[in-house]
Amino acid sequence: MMKMNQPYFILNLSPWPILMAFNTFNLMISNIMTMNFKFNLILLINFLMIIMISMLWWRDVIRESTFQGNHNFFIMNLIKFSMILFIISEMFLFISFFWNFLHNSLAPSIELGLNWPPKNISFFNPLLIPLLNTIILLTSSFTITLTHFYLLNNSKKKTIIFMNLTIILSIYFLMLQMLEYNQATFTFSDSIFGSSFYMATGFHGLHVIIGTIFLMTNLMRMLKLHFSFIHHIKFELAAWYWHFIDIIWLFLYMTFYWWNN
């Protein structure tokens, strides 16, 4: 058979997409059962299976790109475009949170006593932990930019130093977020104010956790010399994702924290 001269990489048959789909579906069903009844072992098994499938799937992608050299510049551009679409979809998720907050804060309903924040809710001082978290995330955005700069200049030592610093800052942010939640005087069930705040900041915290894992995997690949100054697309995608997280936090700080005071 004649081999066609085309830039696309034809994937081999893989079991991971269908296994991931089944396990994600089972995870959602198990989660609903846990909410209505009690914790069940199937939920834990599905969660562990998703983690295992993800690791094996990523292993295959790394093998195809780094060791087999199947990801040429055309494929990398397609991957970048896919990441842009993913970030846009995540952006619209947070737009819904901001829309909900602004709708209720600009015109509080009679159920809220026509007040925002509702009466008897003591909110955080935006100049304390929230401001510190903002500084931490802005600093991490600066350090990951320096990481990219030194990676482009083929300086391995400085690249790893600033990558480690970015990961430390992200973990520090999560620790302060947990401290803030522990000090809160209101809960998720305290009117729409509590649910709006915890949904938005909680989902952002989840994205920070995912971004931190993303950065850690890139750090391991840096230590194994998987990246070069011309081929480091997975790091670029992680950096894009991290900048997106930083920008979302700035909007969260200005609306949910500063606006409420």
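The numbers attached to residues start from 1 for each chain and follow its sequence in the written order. Reporting in this predicted model follows two pLDDT cut-offs: at least 70 for local features of residues, and 80 or more for side-chain atom pairs to be given and counted; totals over whole chains, interfaces and linings ignore these cut-offs and use all residues. No hydrogens and no water enter the side-chain calculation; it runs on all heavy atoms of the structure.

Asks: What is the right way to look at the overall build of the protein chain in this model?
Replies: A count of helices and strands for the protein chain gives seven helices and zero strands. Helices and strands in the protein chain line up, N terminus first, as α-α-α-α-α-α-α. Across its three principal directions, the C-alpha atoms of the protein chain cover 75 × 45 × 30 Å. Buried, partly exposed and exposed residues are distinguished by accessible area as a fraction of the type maximum, computed with a 1.4 Å probe on protein chains only: under 20%, between the cut-offs, and over 50%, respectively. Counting only residues that meet the buried cut, the protein chain has 41% of its 261 residues in that class. For the protein chain, the proportion of contacts with a sequence separation of at least 24, taken over those separated by at least 6, is 77%. Note on charges: Lys and Arg go in the positive column, Asp and Glu in the negative column, and His and the chain ends are not counted at all. A charge is said to be at NZ when it belongs to Lys, at CZ for Arg, at CG for Asp and at CD for Glu. For the protein chain, the centre of its 12 positive side-chain charges and the centre of its 8 negative side-chain charges are spaced 17 Å apart. Numbered from the N terminus, helices here are DSSP runs of H or I no shorter than four residues, and strands are runs of E no shorter than two. A contact between two residues is defined here by any heavy atoms of the two lying within 4.5 Å.

Asks: How do you make sense of the packing of helix α6 (residues 191–223) against helix α7 (residues 233–259) when you look at a structure like this?
Replies: Think of two packed helices as two axes; the pair is described by the angle between the axes and how far apart they sit. Helix axes are fitted only over the stretch in contact, all axes being lines through C-alpha atoms; the angle between N-to-C directions runs from 0 to 180 degrees. In contact at an axis separation of 10 Å, α6 and α7 are set at 155° when each is read in the N-to-C sense. The angle between α6 and α7 falls in the class roughly antiparallel. Classified by chirality, the crossing of α7 by α6 is left-handed. Any residue that is not Ala, Val, Leu, Ile, Met, Phe, Trp, Tyr, Cys, Pro, Asp, Glu, Lys or Arg is counted as polar, Gly included; the first ten are nonpolar and the last four charged. Grouping the constituent residues of the contact of α6 with α7 by class yields 19 nonpolar, seven polar and two charged. Roughly parallel means an angle under 35 degrees; roughly antiparallel, over 145; roughly perpendicular, 65 to 115; everything else is oblique. Throughout, a crossing is termed right-handed when the near helix is turned clockwise from the far one, and left-handed when it is turned anticlockwise from it by less than a right angle.

Asks: What should I look at first to understand α7 in this one?
Replies: Helical periodicity: at 3.6 residues per turn, an α-helix aligns residues three or four positions apart in one direction. Each residue after the first adds 1.5 Å to the expected span of a helix. For α7, with 27 residues, the first-to-last C-alpha span of 38 Å sits near the 39 Å given by 1.5 Å per residue. What the bend at a residue measures is the angle between two axes, fitted to the seven residues ending there and to the seven starting there. Of all the bends in α7, the greatest measures close to 30° and is centred on L252. Where burial is concerned, most of α7 is hidden: 19 out of the 27 residues are buried.

Asks: Would you explain the UniProt feature "transmembrane region" (unreviewed entry) in the protein chain in this entry?
Replies: The sites that carry the UniProt feature "transmembrane region" (unreviewed entry) are, in the present numbering, residues 7–29, 41–58, 78–99, 127–152, 159–177, 197–219 and 240–259. Note that residues 41–58 is 100% helix and 0% strand, and that its end C-alpha atoms are spaced 26 Å apart. Its end C-alpha atoms 27 Å apart, residues 159–177 is made of 100% helix and 0% strand. UniProt positions are given in the numbering used here, feature names are shortened, and annotations may be inferred rather than shown by experiment.

Asks: When you look at the pattern of salt bridges in this model, what are you seeing that I'm missing?
Replies: Two side chains bearing opposite charge may form a pair once their charged atoms approach each other closely. Salt-bridge detection follows one rule: a side-chain nitrogen of Lys or Arg within 4 Å of a carboxyl oxygen of Asp or Glu. Following the criterion strictly, the structure yields three salt bridges and no others. D60 is the partner of R59 in a salt bridge, and the nearest nitrogen-oxygen pair spans 2.9 Å. One salt bridge in this structure joins R63 and D60, with 3.7 Å as the shortest N-O distance. With R63 and D60 both in helix α2 (residues 41–67), this residue pair falls three residues apart, about one helical turn. R63 gets classed as partly exposed once you look at its relative accessible area, which sits at 38%. When its relative accessible area of 16% is taken as the criterion, D60 is described as buried.

Asks: Teacher, can you tell me more about the layout of surface pockets here?
Replies: In this approach a probe as big as a water molecule rolls over the atoms, and the regions it shows empty are the leftover space. Every definition here rests on a 1 Å grid over the protein atoms only: cavities are sets of points where a 1.4 Å probe fits but cannot get out, pockets are open sets enclosed by protein on both sides within 12 Å along at least five of seven lines, and lining residues have some atom within 4 Å of a point. Grid points are joined across faces, edges and corners, and a volume is the space filled by probe spheres set on the points. Here the largest pocket defines a volume of roughly 2200 Å³. The wall of the largest pocket is formed by 50 residues, among which S54, M55, W57, W58 and F214 lie closest to the centre. When contributions to the lining of the largest pocket are tallied by element, the ones reaching two or more residues are α1 (16–36), α2, α3 (73–106), α6 and α7. Ranked by residue count, the leading element in the lining of the largest pocket is α2, at 15 residues. In terms of residue class, the lining of the largest pocket is built from 31 nonpolar, eleven polar and eight charged. Residue-level mapping places the lining of the largest pocket at the junction of two domains, with at least three residues from each of domain 1 (14–70) and domain 2 (73–257). Taken as a whole, the second largest pocket spans an internal volume of roughly 170 Å³. In this structure, the second largest pocket is lined by 13 residues; those nearest its centre are L151, N154, K156, L225 and F227. Elements supplying a minimum of two residues to the lining of the second largest pocket: α5 (156–183) and α6. Segmentation into domains, and thus their bounds, comes from an automatic or database assignment.

Asks: Hey, could you run me through the nonpolar core in this one?
Replies: Nonpolar side chains in soluble globular proteins tend to be buried together. Among the nonpolar cores identified, the biggest contains 50 residues, and F186, F197, F256 and Y257 are the most heavily contacted of them. Listing elements by their share of this core, those giving two or more residues are α3, α4 (129–152), α5, α6 and α7. Considering every element that reaches this core, the biggest residue donor is α7, with 15 residues. In contact with F256, not counting residues within four places along its chain, are F97, F98, F101, F123, S196, F197 and A200. Nine residue types can take part in a nonpolar core, namely buried Ala, Val, Leu, Ile, Met, Phe, Trp, Tyr and Cys, and a core is a set of them joined through side-chain atoms within 4.5 Å. Counting residues in each nonpolar core, the second largest holds six residues, with L27, L43, I50 and I53 among its members.

Asks: Help me out: how do you make sense of the side chain of K234 in this one?
Replies: Tracing the chain through its elements places K234 in helix α7. When residues no more than four places from it in sequence are discounted, the contact partners of K234 are V61, S65, H71, F214, N218, R221 and F227.

Asks: Where do I start with the side chain of S140 in this structure?
Replies: Within the secondary structure, S140 is located in helix α4. Here the side chain of S140 touches L137 through a polar contact of 2.6 Å, landing on its backbone oxygen. In protein, a polar contact requires one atom able to donate a hydrogen and another able to accept it; more generally it is a pair of N or O atoms within 3.5 Å, and residues adjacent in sequence count only if both atoms are side-chain atoms. Here W242 takes part through its side chain, which lies 2.8 Å from a polar atom of the side chain of S140. For S140, the residues in contact, after removing those within four places along its chain, are T166, L169, W242 and D246.

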